[in-house]
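Residue strings, one per chain:
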Amino acid sequence: MGEVPFFRVHTALHPDHLWIWAKSVYVDENQRTWLPIITETESGRQVLMRQEDVPLMEALCPSQLTPYPLPLMWQLYPGRRYRGSDSSFWRIVYHIKFSGMEDMLLEQLPDGG
């Protein structure tokens, strides 16, 4: 009988902070780069943050990024959520690492978090 490949999905550690570096590139406290994919759903806005190594150029000033639909910085808060620099709250729907690919899905919470 042939062997069935076994795939491991790991729960990953959440970054403490994510700072905007360039349009569509965030950097965490370990200098790992994250690329956001924004989707609008019936229940609100979601962002898939994919950890992918990209070469970092010179960081942009926040004024060079406006208007930008996402917070310029996220900080990890208790209760599996992030608080954005714009005071928005984002729930961590999932954060997994699979075959070297790390994805974290964030969902914007109604005002007040």
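What comes next is a walk through the structure. (Residues numbered from 1 in each chain as written. Predicted model: local features only at pLDDT ≥ 70, side-chain atom pairs only at ≥ 80, totals over all residues. Heavy atoms only, no water.)

**Brief notes about the nonpolar core**
Grouped together as the largest cluster of nonpolar side chains are 15 residues, with contacts concentrated most on Tyr 26, Met 49, Trp 74, Met 104 and Leu 106. Of all the secondary-structure elements, those providing two or more residues to this core are β2 (17-22), β5 (44-51), β8 (89-98) and β9 (101-108). Every residue in contact with Leu 106, bar those within four places of it in the chain, is listed here: Arg 45, Gln 46, Val 47, Met 49, Trp 74, Tyr 82, Trp 90, Arg 91 and Ile 92. (Core = buried A, V, L, I, M, F, W, Y, C linked by side-chain atoms within 4.5 Å. Buried < 20%, exposed > 50% of the residue type's maximum accessible area, 1.4 Å probe, protein only. Helix = DSSP H or I, 4+ residues; strand = E, 2+ residues; numbered from the N terminus. Contact = heavy atoms within 4.5 Å.)

**A look at the environment of Met 49**
Checked against the element boundaries, Met 49 lands in strand β5. Placed 13 residues apart in sequence, Met 49 and Pro 36 show a C-alpha to C-alpha distance of 4.5 Å. Apart from the residues within four sequence positions on either side, Met 49 is in contact with Leu 18, Tyr 26, Trp 34, Leu 35, Pro 36, Trp 74, Glu 102, Asp 103, Met 104 and Leu 106.

**Here we look at the pairing of strand β7 (residues 81-84)**
Because side chains alternate across β7, one face comprises the buried residues Tyr 82 and Gly 84, and the other comprises Arg 81 and Arg 83, none of which is buried. Relative to β7, strand β6 (residues 73-77) runs antiparallel, the two sharing four bridges. Counterpart to Leu 76 in the pairing with β7 is Tyr 82. Two elements, β7 and β8, share three bridges in a ladder whose sense is antiparallel. Among the inter-strand pairings, Arg 83 is bridged to a residue of β8, identified as Phe 89. Two successive antiparallel strands, β7 and β8, enclose a turn made up of four residues, where Ser 87 displays a positive phi of approximately 70°. (Pairing = 2+ DSSP bridges.)

**As for the packing of aromatic side chains**
Under the definition given, this model contains three aromatic pairs. With a centroid separation of 5.1 Å and an interplanar angle of 35°, the aromatic rings of Tyr 26 and Trp 74 are classed as tilted. Placement of the pair is Tyr 26 in strand β3 (residues 25-28) and Trp 74 in strand β6, with a sequence separation of 48 residues. Exposure remark for Tyr 26: the relative accessible area of 0% places this residue in the buried category. Between Tyr 77 and Phe 89, the aromatic rings sit 5.7 Å apart at their centres with planes inclined by 75°, giving edge-to-face as the arrangement. Taken together, the residues span a long stretch of sequence, with Tyr 77 in strand β6 and Phe 89 in strand β8 at a distance of 12 residues. (Phe/Tyr/Trp six-rings, centres within 6.5 Å; stacked < 30°, edge-to-face > 60°.)

Geometry only, nothing functional implied.
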